Amino acid sequence: MIDVKAILTQGSPAHTTSSPTQALIPANTHIFHGRDTLVAELVDVLVGGSRRHICLLGPGGMGKTSTSLAVMNHLNVEARFAEHLRVWVPCVKAPSTSLLLDTLCTSLGISIKSGNPLSDILSVLRTSPPIVLVLDNFETPWNAAEGQSEVEQVIRDINRIRHVTLFVTIRSLSPPCEDLPWHRVDLRAVHATAARDIYISWHPRANEDPGIPGLLELIGHMPLAVTLMAKFAASTGLSAEDVAEKYKTLGTAVMGQGLDAKTSMDICIGLSVNSPRMTAHPEAFELLCAIAMLPAGTSYKTLFEWWARGLDGGLGVLKDTLLVEQNGSTICVLPVIQRYILHNSRFSKQVGMSMIESACQFLEAHASNINDKLYKAHSAAVSAEEGNLEAVLLTTPESHATQDSFLLHVIRDGFLLLARHQRRHSSRVNIIERALHLVRHIDDNILQGDLLFCHGDSLLSLPNHHDKASKQLEAALNHFLSASDRTRAAKCRLTLVDTIQFQGGAKVERCQEIIVDAQADCKATGDKGLAARCLLSLGILHFMFRDYPLTLDLLMQAEPVLARVGDWEHHAECSRVSSWVHYYMGQYDLAYACSVSALKEHDRIGDAQGCANLHNDIGKILSARGDFEGSLRSYLRCLEIWMSLGWSPSSSALQGMGLVWAKLEKVEDARQAFEDSLQPFAHPDAPAPSPSIEAEMVCTQILLRRLENPTLILTPEEYVALQRWYSDDHIEKILAPAP
């Protein structure tokens with residue numbers, strides 16, 4: 001029997017021994033001295049059985065990350081927590097709550113996404129064995145501009161799951177959510193002997209240098225400061241005493257502030273940044289500024305093809321001075337150095353504007369329509385760099401001018417292109433919402449309309465946002481009409497129809513009015529492709545009201561036109577809707593042929609979501625034809641694709657599998673499938689189901705009860721709920737009492 005359970009849990013750390021997408025604990029720092037006692041203490045906290053979280057506090061450069069790695073890679077911790085139950089969460093990539101949730105999903109290897117990432121995270125953690133989440137550099141989301149309340153809620157929700165342990169490293173004086181059961185450690189400098197060991201490890205030729213103790217005491221025995229000064233001495237040939245003099249000279253300007261740990265660390269970074277090697281290669285500092293703007297790090301190829309063209313000569317200098325590091329193929333800047341470089345007094349604004357322009361050029365070069373041959377490759381490239389693109393674009397300065405050519409360019413060729421990508425590939429809307437904020441003073445109906453349209457279209461994928469989506473689309477339509485852009489108006493109207501239909505209880509007269517208006521727009525512009533899409537929308541509307549002959553007639557008119565204009569996405573949709581009609585008319589061979597044709601088109605254009613939907617349709621058709629094994633294979637393929645896209649399992653596919661297993665008299669398999677289809681909505685914090693999903697849930701609950709009582713009769717309330725989405729024939733076909 002097909003093991004659907006393995007598919008449903010493939011993204012969960014509770015059920016996997018490894019995951020290609022899960023963020024495992026990195027290897028230990030190869031030079032690490034002076035923390036043995038602390039490491040042993042923290043290991044005891046993790047394996048001792050008492051439920052306490054760990055929080056390592058302290059300024060940057062103290063070795064919080066290195067200490068956490070030493071603890072998590074300790075033999076006793078490895079024996080207590082398997083590899084997939086020690087999860088690395090690099091919070092430096094998460095300067096917002098939404099990006100923190102995305103980073104948690106990625107680190108946990110979660111491929112089940114309902115549109116509510118916090119719900120997905122909590123759902124996976126609830127079913128996991130005891131697990132440790134290492135939230136490294138947690139100050140990034142904790143100190144984000146949008147405030148701490150949302151991030152605090154994430155921590156508190158995770159804390160409620162008793163078998164989850166949090167291990168937080170943060171540049172702060174106090175832990176996040178101080179009332180939680182923290183084992184708090186205020187990390188201080190290492191002792192003098194350990195500091196000397198670090199220095200000599202990086203600069204072995206200085207073993208006999210008598211000035212080392214004085215230099216190390218001057219810089220406060222901070223591990224990163226010691227490391228930077230050792231490399232500085234090694235590269236310049238200076239003695240420790242000479243390095244100390246340079247430190248004092250640079251520190252004179254800030255003596256009035258008092259040489260606390262942060263200031264001392266800044267002086268050491270400053271010496272490295274202004275070292276002879278750096279000043280001899282001015283492009284190195286420009287490159288350092290560029291890399292500091294990329295919180296996720298990036299590959300060598302992407303860095304020099306897009307972000308820092310012509311600056312590759314500076315990379316060797318940055319590596320030699322330890323101002324950047326390379327982990328595998330990823331080049332990045334340590335957070336404490338990133339903070340120093342991005343300070344307003346040091347950061348090159350010219351580099352900042354250049355990076356914004358580079359983000360726009362990257363997005364323009366990888367912008368393609370789903371019907372284009374390069375769509376899959378372009379989408380993959382944008383997804384790989386998405387965190388960096390978002391971080392760079394969000395640095396775009398505000399403007400109160402009613403016209404600003406640079407801002408208009410960045411919005412059109414940066415924000416809007418990334419938002420369109422996110423509409424298809426993720427559930428985030430912060431980029432499009434930031435763009436709307438930036439253009440609030442700009443008088444440009446087309447731009448305002450494009451942004452509102454993208455926002456409304458994006459909101460359709462989020463639970464319980466359909467009313468807001470409709471309002472944004474209505475507002476976009478008004479802008480397009482004010483600009484007399486009837487092509488954009490027609491596209492907006494058709495998406496608005498989809499929104500109304502998706503909300504349930506579709507108002508047929510309202511939908512027809514909107515489509516008629518869209519047809520008038522198409523007639524005025526002569527856009528035959530859009531006119532064919534209007535016919536498709538009318539066909540779907542008449543299908544919902546079971547006028548099957550008229551539906552087929554409209555689809556037959558639309559299909560050849562869509563093929564001629566190369567709109568294969570909607571051409572495939574015509575085939576799919578045709579298969580629905582033939583299925584409900586009992587013409588299963590024709591339904592199968594139409595579904596297979598649509599599947600081939602979706603596969604050719606790289607529309608994985610469309611392929612998943614078609615496999616679900618084919619599963620239903622094959623079941624009606626009596627090919628139960630083929631039906632189960634199709635449903636299983638639907639689930640596999642759906643999970644790989646990062647969305648929750650299709651409740652329709654699981655319901656269909658349950659029906660097949662019931663027909664095969666495999667009652668327990670049927671019960672499990674029905675229960676799994678209801679699982680995404682079982683928790684109190686789960687998103688409310690859409691009306692169509694709610695109807696499927698009612699149907700599934702009835703099917704579950706019928707496994708116990710095959711003669712069960714529907715209540716009038718249940719029948720009314722199902723009639724909103726199913727024809728009477730279909731209800732009788734699925735729910736008729738078993739003979």
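Report follows, based on the coordinates. Just so we're clear, the structure is a prediction, and the values are computed from it rather than from any experiment.

What about the side chain of Ser579?
- As for its position among the elements, Ser579 is in helix α30 (residues 568-584).
- Of the residues examined, Ser579 reaches a relative accessible area of 1% and is grouped as buried.
- Contact partners of Ser579, with chain neighbours within four places excluded, come to Ala591, Cys594 and Ser595.

Observations concerning unusual backbone geometry
- Of note in this structure, Cys177 is not a glycine but carries a positive phi near 55°.
- By the secondary structure assignment, Cys177 is in the loop between β4 (164-170) and β5 (182-186).
- A positive phi angle, close to 60°, is found at Arg546, a residue other than glycine.
- Mapped onto the elements, Arg546 comes out in the loop between α28 (528-544) and α29 (548-564).

Regarding the packing of α30 against helix α31 (residues 588-605)
- Two elements in contact, α30 and α31, have axes separated by 8 Å at closest approach and are oriented at 160°. When the interaxial angle is binned, α30 and α31 end up roughly antiparallel. Crossing angle aside, the handedness with which α30 passes α31 is left-handed. Counted together, Trp568, Glu569, His571, Ala572, Glu573, Ser575, Arg576, Ser578, Ser579, His582 and Tyr583 of α30 and Tyr588, Leu590, Ala591, Cys594, Ser595, Ser597, Ala598, Glu601, His602, Arg604 and Ile605 of α31 form the full contact between these two elements.
- Of the residues belonging to the contact of α30 with α31, the class tally is nine nonpolar, eight polar and five charged.

Some words on the sheet that holds strand β3 (residues 131-136)
- Across the sheet, five strands lie side by side as β2-β3-β4-β1-β5; this open sheet has parallel pairing. Both outer strands of the open sheet, β2 (86-90) and β5, are each paired with one neighbouring strand and no more. Sheet twist, expressed as the average angle between the axes of neighbouring strands with direction ignored, equals 15°.
- In terms of strand pairing, strand β1 (residues 53-57) meets β5 through five bridges, oriented parallel. Bridging across to β5, Cys55 finds its partner in Arg184.
- Of the strands in this sheet, β2 and β3 are in contact with helix α5 (residues 97-108), which crosses β2 at around 145°.

Some words on the pairing of β3
- Summarising burial for β3: six of the six residues are buried, a large majority.
- Across the two faces of β3 the burial is the same, with Ile131, Leu133 and Leu135 and Val132, Val134 and Asp136 all buried.
- Pairing analysis gives five bridges linking β2 to β3, with the strands arranged parallel. Residue Pro90 lies in a different strand from β3, and its bridge partner there is Asp136.

A short note on the pattern of salt bridges
- Inspection of every chain in the model, using the stated rule, returns 26 salt bridges.
- Of the charged contacts, one joins Asp157 and Arg160 as a salt bridge, the two residues approaching to 2.3 Å between their closest N and O atoms.
- You can call Arg160 exposed: its relative accessible area is 55%.
- With a shortest N-O distance of 3.1 Å, Glu398 and Arg440 are connected by a salt bridge. Of the two residues, Glu398 is situated in the loop between α21 (386-393) and α22 (405-425) and Arg440 in the loop between α23 (430-438) and α24 (445-459); the sequence distance between them amounts to 42 residues.
- On the accessibility criterion, Glu398 (39% relative accessible area) is partly exposed.
- When its relative accessible area of 38% is taken as the criterion, Arg440 is described as partly exposed.

Describing the packing of aromatic side chains
- Applying the stated criterion across every chain, the model contains eight aromatic pairs.
- Measuring from centroid to centroid gives 5.4 Å for Trp306 and Phe362, while their planes differ by 80°, and the two rings are edge-to-face. With Trp306 in helix α16 (residues 300-307) and Phe362 in helix α19 (residues 349-365), the pair connects residues that are 56 residues apart, well separated along the chain.
- Since its relative accessible area comes to 17%, Trp306 is described here as buried.
- For Phe362, a relative accessible area of 4% puts it in the buried group.
- Both rings, one in Tyr583 and one in Tyr588, keep their centres 5.7 Å apart while their planes meet at 55°; by these two values the pair is tilted.
- The class for Tyr583 is buried, based on a relative accessible area of 8%.
- Taking the ring centre of Tyr340 as reference, the NZ or CZ of Arg346 above it sits at 3.8 Å.

What counts, and at which threshold
- Residues numbered from 1 in each chain as written.
- Predicted model: local features only at pLDDT ≥ 70, side-chain atom pairs only at ≥ 80, totals over all residues.
- Heavy atoms only, no water.
- Helix = DSSP H or I, 4+ residues; strand = E, 2+ residues; numbered from the N terminus.
- Buried < 20%, exposed > 50% of the residue type's maximum accessible area, 1.4 Å probe, protein only.
- Contact = heavy atoms within 4.5 Å.
- Axes fitted to C-alpha atoms, helices over the stretch in contact; angles between N-to-C directions.
- Parallel < 35°, antiparallel > 145°, perpendicular 65-115°, else oblique.
- Left-handed = near helix turned anticlockwise from the far one by under 90°.
- Nonpolar A, V, L, I, M, F, W, Y, C, P; charged D, E, K, R; others polar.
- Pairing = 2+ DSSP bridges.
- Salt bridge = Lys/Arg side-chain N within 4 Å of Asp/Glu carboxyl O.
- Phe/Tyr/Trp six-rings, centres within 6.5 Å; stacked < 30°, edge-to-face > 60°.
- Lys NZ or Arg CZ within 6 Å of the ring centre and 35° of its normal.

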